[in-house]
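Analysis of the macromolecular model
Residue-level listing of the chains:
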Number of protein chains: 2
Amino acid sequence: MSATSPLSPPPDAEALLTRHSTTLHSYFQSALARYTAAPPRLMESIAYSLYAGGKRLRPALILESCRACGGDASAMEAAMAGAAAMELIHTFSLVHDDLPAMDNDDLRRGRPTNHKVYGEAMAILAGDAMMTIAFELLAETVPSPTSVSMIRELAANSGPCGMIGGQVLDMDGETRRLKLDELQHLHRLKTGALLTCSCRLGAIAAGVDQQMLSRLSDFGRHLGLAFQIVDDILDETSTPEQMGKATKKDAAKGKNTYPVLLGLEGSQAEANNALAAALDAITPLGDRARPLEAIARFVVERTH
Amino acid sequence: MSATSPLSPPPDAEALLTRHSTTLHSYFQSALARYTAAPPRLMESIAYSLYAGGKRLRPALILESCRACGGDASAMEAAMAGAAAMELIHTFSLVHDDLPAMDNDDLRRGRPTNHKVYGEAMAILAGDAMMTIAFELLAETVPSPTSVSMIRELAANSGPCGMIGGQVLDMDGETRRLKLDELQHLHRLKTGALLTCSCRLGAIAAGVDQQMLSRLSDFGRHLGLAFQIVDDILDETSTPEQMGKATKKDAAKGKNTYPVLLGLEGSQAEANNALAAALDAITPLGDRARPLEAIARFVVERTH
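Quick summary incoming for the structure in this document. It should be emphasised that the depicted structure is a prediction, and the values quoted were computed from it without experimental measurement. (Residues numbered from 1 in each chain as written. Chains lettered and ligands numbered in written order. Predicted model: local features only at pLDDT ≥ 70, side-chain atom pairs only at ≥ 80, totals over all residues. Heavy atoms only, no water.)

Some details on the packing of aromatic side chains
What describes a pair of aromatic rings is the distance from one ring centre to the other and the angle between the planes of the rings. Counted by the stated rule, this structure contains 3 aromatic pairs over all chains. Taken together, a centroid distance of 5.6 Å and an interplanar angle of 65° make the contact between Tyr48 of chain A and Tyr118 of chain A edge-to-face. Of this pair, Tyr48 of chain A sits in helix α2 (residues 40-50) while Tyr118 of chain A sits in helix α5 (residues 114-118), and the two are 70 residues apart along the sequence. Comparing Tyr48 of chain A with Tyr118 of chain A, the two get one shared label, buried. The ring of Tyr35 of chain A is capped by Arg34 of chain A, whose NZ or CZ atom sits 5.8 Å from the centre of that ring. The ring of Phe227 of chain B is capped by Arg58 of chain B, whose NZ or CZ atom sits 5.8 Å from the centre of that ring. (Phe/Tyr/Trp six-rings, centres within 6.5 Å; stacked < 30°, edge-to-face > 60°. Helix = DSSP H or I, 4+ residues; strand = E, 2+ residues; numbered from the N terminus. Buried < 20%, exposed > 50% of the residue type's maximum accessible area, 1.4 Å probe, protein only. Lys NZ or Arg CZ within 6 Å of the ring centre and 35° of its normal.)

Section: helix α8 (residues 163-173) of chain B
In an α-helix there are 3.6 residues to a turn, and that puts residues three or four apart on one side. The buried fraction of α8 of chain B is high, at 8 of 11 residues. Buried residues along α8 of chain B sit against α2 and α6 (120-141) of chain A together with α4 (73-97), α7 (146-158) and α9 (180-205) of chain B. (Contact = heavy atoms within 4.5 Å.)

As for the interface of chain A and chain B
Facing 45 residues of chain A, the contacting portion of chain B comprises 45 residues. When the area that chain A buries against chain B is broken down by residue, the three leading residues are Leu125, Thr132 and Pro160 of chain A, summing to 16%. Where chain A packs against chain B, one counts 0 salt bridges. The interface formed by chain A and chain B contains 3 residue pairs in polar contact (both at pLDDT 80 or more). Taken together, the elements giving at least two residues each to the side of chain A that touches chain B come down to α2, α4 (73-97), α6, α7 (146-158) and α8 (163-173) of chain A. Split into classes, the residues belonging to the side of chain A that touches chain B amount to 31 nonpolar, 9 polar and 5 charged. (Buried area = accessible area lost by both parts, 1.4 Å probe. Salt bridge = Lys/Arg side-chain N within 4 Å of Asp/Glu carboxyl O. Polar contact = N/O pair within 3.5 Å; in protein donor to acceptor, adjacent residues only side chain to side chain. Nonpolar A, V, L, I, M, F, W, Y, C, P; charged D, E, K, R; others polar.)

Here's the deal with the environment of His222 of chain B
Residue and element names in this part refer to chain B. Within the secondary structure, His222 is located in helix α10 (residues 210-237). Between the C-alpha atom of His222 and that of Asp280, which follows or precedes it by 58 residues, the distance is 9.9 Å. With sequence-adjacent residues up to four places away left out, His222 is seen in contact with Ala274, Ala277 and Ala278.

Remarks on the environment of Leu264 of chain A
Residues and elements named next belong to chain A. Relative to the elements of secondary structure, Leu264 occurs in helix α13 (residues 258-282). By relative accessible area, Leu264 is classed as partly exposed at 39%. Separated by 216 residues in the primary sequence, Leu264 and Tyr48 place their C-alpha atoms 35 Å from one another. Setting aside its immediate chain neighbours within four residues, Leu264 contacts Ile233, Thr237 and Pro259.

Take a look at the structure:
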């Protein structure tokens, strides 16, 4: 790998993720407490999925991208709102993705999926509501015009040319074998868009120029690719206990994955290349980008 | 009714709704044309529901509220974006509401429902995407800080304390007989929130002060109530051919409706009272509010 000239050792990624996750949890608690006029069971269903844990990778990327771009205290506040909005969008997509009409999953993050606990109708509505809360939160909390840029960025990357578009391609892909470039396009939308968007949101919150924004975009794009390849590898090599969700589903469904197309070793090599490219993009940021580096390495080296 | 001191005859509401609907249709066509990188079938599914027609009551309320508040050309452009965003949110809510896990409807606006044509998974994703497009459109098109106010207004009224919250209450209400005040609360959220929000969005686009905004809120709130009562009456007295959707569903499901609680005549009287209160609120606006008056009368006097 070319992209390592360590100025200081990168921080411990898991500790960093845990710290951000704890902050986010408190943030959610006060953000959701405002909805006193809402039906309690709806808020319960939202909280069930939102507090289920997960790595909170995207919020950490937003916060650390903002810090890496030299964001000050008020920029970090905007990034925090962005982190919460992003996790709301990500969680809504998981809740809808798990529905019987979609992936029909019973288990998510080691617990029964939302619709298994609250029923399908509530899971659909809870997902819908998480999206409205995400945009309301940004409009309410972040000063204009930064709020508008963040909302546009998040909406565009969640929509038909982003995450939701990727879910449609994924659905279509179950009926035929995709070529490598089709698979890459699918993942650029399905998981790549929101991961790249996370890095960009942090940079936007920090008020950076176009050059810096494009660095963070490059970092996010390569990291998104690495993330997906490793996800595919883990689906094939891990147990449900390790992953907190069903595994080997991809193969069972005849889904298109990197291991299917490139083999396990080829996939690992491709993930390492993507990591190197991601680190290259942020090398010029120096020490401030160490936490981002730590997160990137964690993404590729994780075992669950 | 107290609220009629006609300065000029109100315009023909149906002609007015048709004219706004035609403008909106063209607006949608160019707005959706931007999503060239999206999966074509997703955009097709979105267009299917978006172009299915309907009265386009909410967009007309936004545009005419803006005009009634003296909005200039650029205000009317912001209102147009608001109209499109509102109709996207309204249509997404219908698509999700029709799903088998929710109301399980086969017919909407005289055509098969979205999931009957595109399948459940696509209908869920198309609904989700309509919401992201709505917020992207506002952030992209309307100048800041008006865009932020409009996004906050739309998100808050679509969410847990607005339309989605109302759908949850409606779902819960199917299991027991509601009292009148509970039914009113349900409708204030389920249909009232977005109708009131429409009037407010037009006023916000026009850049009005708090007093004017509160006038338009009052108009919208009373109109929302009138709308729902008439909807309940029509569900009981109309044929599916007239309504373009299944009728008498409410009674069949043992749903709580105004006719059940107040009788048909009592319900009609209540609708007339609400109309009078709505018109009272906008009387001070004079001639400029004639189109709003026409729409309000149409809502109460319509037969489908």
